[in-house]
Each structure stands twice: as C-alpha cells, then as structure tokens.
Amino acid sequence: MTVTVLASGFCFIQAGGPSAPAELLYRSGGMYSAAIARHEYWRLVAYGFLHVNFVHLTVNMLCLVLWGGHLEKRVGPAYFLIIYLCAMVFGAVIGNGIHSTPYLTVGASGATSGILGALLCLWILGKLDLRFDFFAINIGLNIAFAFGNSRIDWGVHLGGFAAGLIACALLDLVEKANAWASLQVSRSREGQSHPACLCHCALGLEHSGPGHRRGGFRLGSDDHHRGRMLCRREAG
C-alpha cells in the first residue's frame, strides 16, 4: 500500500496536479497493448502501482484496506503477497488477451479484485467466517463499476479475480500437502522408538518367572505386572 501511494503520488507531483497524463503513466510503467510482445514484462507489475488520479488511488486503497485485512489475517503476510502479485500479473495478462485495440491501463484494481477472489475461495472452503451478503455486495459493486464505466478495464478486474481465487486454492493444497508430509514424518519418528520399547519388554520377560531369583532380588507377579505397564507407557 505504501509503495502504491508513493509511486502514484510521485506521478501526481511530476504532473503538477491530482491526476497524471497518459504519456507520464506510459513512461512510468503503464501496461499497454504491445508490452508483452516487446518483452517488457516489468510492466506486468509496475502498472499496478500507478493510478490515473487521486480518486482512482483512493478507491483502490480503500478496497485494499477493507478486503486485504480479512485475507491477511487468515493466510498471513507471505501468502497475502503471493496472491496479490499473482492477481496483479495475471490480471494484466488476461486483460491484454481480451483487448482487441490499443490501450493503456494502470491501477491496483486487478490485484484488489484478486483479494476478493481469494476471500471467496476461503469462504467456499469453509475457512472464512463472513456472511454471503459481503460477497454479494462487493462483487456486485465491482461488476457494476467495471461495466458501468467505459474507462474501467473490466478484463483486468476479471483476470485478477480469477487469479486470486485460483492462487488461494493452490496455496490451500500446498498447506494440506505440508500437513500430510509433517504427519508422515511424525509417524516415522514414532516408529523408530518401538525397538527400544521391545528391548524393555524382552528384559521384563526375561526376569518375569514367578519366584525366580537373580542376584538376591525376587521378581514376583506384581513386579512383572509393573514391567508390562512400563513397556506399554513407553510404546505410546
């Protein structure tokens, strides 16, 4: 958020007002129709930190705060950053594929839409305690703004939303795989402790004859019972 505000603010300062002209946004890293064909891949990230004007910046930062807080609390800062950047990059890629005419796009809308997609993924998986109307309202407003204003790049919104949802689902699979691997390692370590237990059991059985004497110590039935209990406790 801080980087976005600083980058956009720097453009506004260069422009000498609360908005930045297209030429300045292009030079600063705006995404345009021939960027991928010319291998200017850095624009897939740079465009998400630039904004047309102060209102554009404010709306996106408000969405980042309102939606991002829920996601970061649930997945942590590292996974949040992965989802955010995936939505930003793939939102630009999908948006570029949808455009049939030359264009220039900037803004964090694709990334914030990805946050909303990730929240929906967690809600579907039953891992997020939010009401359905939260998604109905926010997704509905996102769609309304995207299609209601011809200047809004709805392709980036859609691509970012889908990328955020898919990235969150994949990270959930990664967490499940890590949990399964940890469980297997734990079970393997428990299995390695069984030979020591069997050794104790054998030692107890060796001296378990009722009335048997060894070194002047009588190992009776009560002692034999305690030896078996010791073996059982160590096996657990």
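Preceding this paragraph is the structure being described.
Calculation rules
- Residues numbered from 1 in each chain as written.
- Predicted model: local features only at pLDDT ≥ 70, side-chain atom pairs only at ≥ 80, totals over all residues.
- Heavy atoms only, no water.
- Helix = DSSP H or I, 4+ residues; strand = E, 2+ residues; numbered from the N terminus.
- Buried < 20%, exposed > 50% of the residue type's maximum accessible area, 1.4 Å probe, protein only.
- Contact = heavy atoms within 4.5 Å.
- Areas by Shrake-Rupley, 256 points an atom, 1.4 Å probe, with all protein chains shown as cover.
- Polar contact = N/O pair within 3.5 Å; in protein donor to acceptor, adjacent residues only side chain to side chain.
- Axes fitted to C-alpha atoms, helices over the stretch in contact; angles between N-to-C directions.
- Parallel < 35°, antiparallel > 145°, perpendicular 65-115°, else oblique.
- Nonpolar A, V, L, I, M, F, W, Y, C, P; charged D, E, K, R; others polar.

(A) A look at the overall build of the protein chain. A count of helical and extended segments in the protein chain gives nine helices and four strands. Reading the helices (α) and strands (β) of the protein chain from amino to carboxyl end gives α-α-β-α-α-β-α-α-α-α-β-β-α. Per-residue burial for the protein chain yields a buried fraction of 36% across its 236 residues. Once local pairs closer than 6 in sequence are excluded, the contacts in the protein chain between residues at least 24 apart make up 70%. Working note: accessible area of the protein chain is about 13,900 Å², and carbon and sulfur atoms make up 66% of it.

(B) Main features of the side chain of Asn 60. On the secondary structure map, Asn 60 appears in helix 4 (residues 54-98). A distance of 3.1 Å separates polar atoms of two side chains, one belonging to Asn 60 and the other to Ser 109. Setting aside its immediate chain neighbours within four residues, Asn 60 contacts His 51, Gly 107, Ala 108, Ser 109 and Thr 112.

(C) Region of the structure containing the packing of helix 6 (residues 132-148) against helix 7 (residues 154-192). Contact geometry of helix 6 with helix 7 gives a least axis separation of 9 Å together with a crossing angle of 150 degrees. By the criterion of interaxial angle, the relationship of helix 6 to helix 7 is roughly antiparallel. Mapping the contact onto sequence places Ile 139, Asn 142, Ala 146 and Phe 147 in helix 6 and Trp 154, His 157 and Phe 161 in helix 7. Among the residues making up the contact of helix 6 with helix 7, the classes are represented as five nonpolar, two polar and no charged.

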